[in-house]
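Residue-level structural notes
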Amino acid sequence: MKNKILLVFIMILTLAGVTSCTVNDENKNEEKDSILVEVNEAIDAFIKNASHNYVKKENDAYTVDFEVLSGLYLLEQSGYDIKVSDYVSKEDMSKYVDSLDYSYPKQIFVTSVIDKVYGINTEKAKVALSSVESVDAWTLTYAYSALKHYNVNDTLKNDIASNLTVIKSEDYRDADYAGMALSVLSDESVDKTVLFELISSNITKDGISSWGTANACSTAYSIIGLLASGVDIDKEYLDEEGESLIKNLLAFENDGKFSWELGGVIDDTFSTPQGFLALVAYKVYKESNIGVEIF
């Protein structure tokens with residue numbers, strides 16, 4: 001009789017444990033779902049209220065933000081009701097890239113992004129990149145991405161590749177750099193430990209810190225780099241309070257736009273386009289469960 005009572009007691013405890021785990025798992029899933037709802041709402045707000053300020057032709061003047069363009073294209077490629085050609089037509093974008101000054105490697109990078117999106121002739125940018133002999137420390141990631149796209153100038157590409165994961169004391173390397181570097185190296189088998197450490201070592205309770213404080217830009221680019229590397233940021237690289245970086249990023253968001261620091265004014269130039277791209281990358285990653293390659 002005692003054995004039967006003990007067996008029943010053990011079964012009750014076991015079922016209670018299973019039920020508790022199930023409830024906890026459900027709570028976690030509900031929290032993740034609510035975050036994705038917030039992400040979708042922020043993306044929708046940006047597209048409705050701000051996106052046309054970043055990719056447009058107005059009279060004969062063009063505005064092309066490569067981060068916003070990349071985010072819009074990522075949505076279009078993922079089957080959402082977005083068409084980059086509704087912002088600037090392929091014909092107009094062809095005229096735009098033909099008019100640019102390609103003496104700057106960063107401009108060549110931006111043009112390579114446009115080429116990926118529109119599939120237009122950017123031969124002038126390719127030719128210009130072929131003759132570039134060196135780039136400064138701030139342009140390494142952009143130049144490397146363009147070199148891979150155009151498949152030219154192996155000498156420069158190999159030189160940059162050997163330096164992307166080398167962190168020198170004289171070069172200020174932060175999580176923003178790490179995020180971009182992880183993105184352009186996402187399909188390459190190199191040791192990226194130092195890049196991941198640049199992110200992990202700067203995690204605070206409010207997101208990724210750089211230039212003295214947690215900010216939207218550093219948090220956004222860390223998210224972009226981690227997602228490009230296939231990292232599930234709902235489970236890894238959590239902040240000091242166990243919250244995800246995407247939740248941190250949403251704290252900077254207001255009606256689809258982002259402030260650089262918490263409680264600050266809206267930053268249209270950097271934080272907003274970078275924040276938008278990070279949200280889109282997260283949305284696509286959660287709905288596809290594969291790494292999101294952008295650059």
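In this text, all values refer to a predicted model and were calculated from it rather than measured experimentally. (Residues numbered from 1 in each chain as written. Predicted model: local features only at pLDDT ≥ 70, side-chain atom pairs only at ≥ 80, totals over all residues. Heavy atoms only, no water.)

Quick look at the layout of surface pockets now. Considered as a void within the structure, the largest pocket measures approximately 580 Å³ in volume. Residue lining of the largest pocket: 24 residues in total, with Tyr 142, Asp 176, Tyr 221, Phe 270 and Gln 274 positioned closest to the centre. Only helix H2 (66-77), helix H6 (140-150), helix H8 (175-184) and helix H10 (216-228) provide two or more residues apiece to the lining of the largest pocket. In the lining of the largest pocket, the residues fall into eleven nonpolar, six polar and seven charged. (1 Å grid on protein atoms, 1.4 Å probe; cavity = no way out; pocket = protein on both sides within 12 Å on 5 of 7 lines; lining within 4 Å. Points joined across faces, edges and corners; volume = space filled by probe spheres on them. Helix = DSSP H or I, 4+ residues; strand = E, 2+ residues; numbered from the N terminus. Nonpolar A, V, L, I, M, F, W, Y, C, P; charged D, E, K, R; others polar.)

Moving on to the pairing of strand E2 (residues 61-64). Note that strand E1 (residues 55-58) and E2 share four bridges and pair antiparallel. Following the sheet pairing, Lys 57 is matched in E2 by Tyr 62. A loop of two residues connects E1 with E2, the two strands running antiparallel in sequence, and Asn 59 in this loop sits at a positive phi of about 60°. (Pairing = 2+ DSSP bridges.)

Let us look at a nonpolar patch on the surface. A cluster of nonpolar side chains, Trp 138, Tyr 172 and Trp 211, forms an exposed patch at the surface whose accessible area comes to about 430 Å². Take Trp 138: it is sitting in the loop between helix H5 (123-130) and H6. (Patch = residues over 30% accessible without salt bridge, like charges linked within 9 Å, V, L, I, M, F, W, Y side chains within 5 Å. Areas by Shrake-Rupley, 256 points an atom, 1.4 Å probe, with all protein chains shown as cover. Salt bridge = Lys/Arg side-chain N within 4 Å of Asp/Glu carboxyl O.)

Within the largest apolar cluster, 92 residues are counted, with the highest numbers of intra-cluster contacts made by Ile 114 and Phe 295. The leading source of residues in this core is helix H12 (residues 271-288), at nine residues. Ignoring any residue separated from it by four or fewer positions in sequence, one finds Phe 295 in contact with Phe 66, Ser 70, Phe 109, Val 113, Lys 116, Ser 145, Met 180, Ser 183, Val 184, Tyr 221 and Leu 277. (Core = buried A, V, L, I, M, F, W, Y, C linked by side-chain atoms within 4.5 Å. Buried < 20%, exposed > 50% of the residue type's maximum accessible area, 1.4 Å probe, protein only. Contact = heavy atoms within 4.5 Å.)

So, about unusual backbone geometry. With phi around 60°, Asn 59 is a residue other than glycine that occupies positive phi space. Topologically, Asn 59 is positioned in the loop between E1 and E2. The class for Asn 59 is exposed, based on a relative accessible area of 70%. Of note, Trp 211 is a non-glycine position whose phi angle comes to about 55°, a positive value. Structurally, the position occupied by Trp 211 is in the loop between strand E4 (207-210) and strand E5 (213-214).

This paragraph deals with the environment of Asp 98. By the secondary structure assignment, Asp 98 is in helix H3 (residues 90-98). As for Asp 98 and Ala 125, which are separated by 27 residues in sequence, their C-alpha atoms are 8.8 Å apart.

Bringing the packing of H8 against H10 into the picture now. Working note: a packed helix pair is described by the angle between its axes plus the distance between those axes. Where H8 contacts H10, the two axes come as close as 7 Å, and the packing angle between them is 25°. Judged on the interaxial angle alone, H10 and H8 are roughly parallel. Where H8 crosses over H10, the handedness of that crossing is left-handed. Contact residues: H8 offers Ala 175, Asp 176, Gly 179, Met 180, Leu 182 and Ser 183, while H10 offers Cys 217, Ser 218, Tyr 221, Ser 222, Ile 224, Gly 225 and Ala 228. Taken together, the residues of the contact of H8 with H10 break down into seven nonpolar, five polar and one charged. (Axes fitted to C-alpha atoms, helices over the stretch in contact; angles between N-to-C directions. Parallel < 35°, antiparallel > 145°, perpendicular 65-115°, else oblique. Left-handed = near helix turned anticlockwise from the far one by under 90°.)

Before going further, it helps to spend a moment on H2. With twelve residues, H2 should reach 16 Å at 1.5 Å per residue; the first-to-last C-alpha distance of 16 Å fits that figure. With nine of twelve residues buried, H2 lies mostly within the body of the structure. Looking at H2, one finds that the buried residues are Phe 66, Glu 67, Val 68, Leu 69, Ser 70, Gly 71, Leu 72, Leu 74 and Leu 75. The backbone nitrogen of Glu 67 has a side-chain oxygen 3.0 Å away, supplied by the residue at the start of H2, namely Asp 65. Count one or two residues on from H2 and you reach Gly 79, which has phi positive near 95°. (Expected span 1.5 Å × (residues − 1). Polar contact = N/O pair within 3.5 Å; in protein donor to acceptor, adjacent residues only side chain to side chain.)

Within the secondary structure, Asp 176 sits in helix H8. In this view, Asp 176 contacts Ser 210, Cys 217, Ser 218 and Tyr 221; residues no more than four positions away in its chain are not counted.

The tally for this structure, following the rule as stated, stands at 13 salt bridges. Notably, a salt bridge pairs Lys 95 with Glu 91, separated by 3.9 Å at the nearest N-O pair. Highlighted residues: Lys 95 and Glu 91, both in helix H3, separated by four residues, approximately one helical turn. On the basis of relative accessibility, which here comes to 48%, the residue Lys 95 falls in the partly exposed class. Using a relative accessible area of 56% as the deciding quantity, one classes Glu 91 as exposed. Between Glu 243 and Lys 247 there is a salt bridge, and its shortest N-O distance comes to 3.4 Å. A relative accessible area of 25% means that Glu 243 is categorised as partly exposed. Overlapping salt bridges bring together Lys 148, Asp 187 and Glu 188 as one network.

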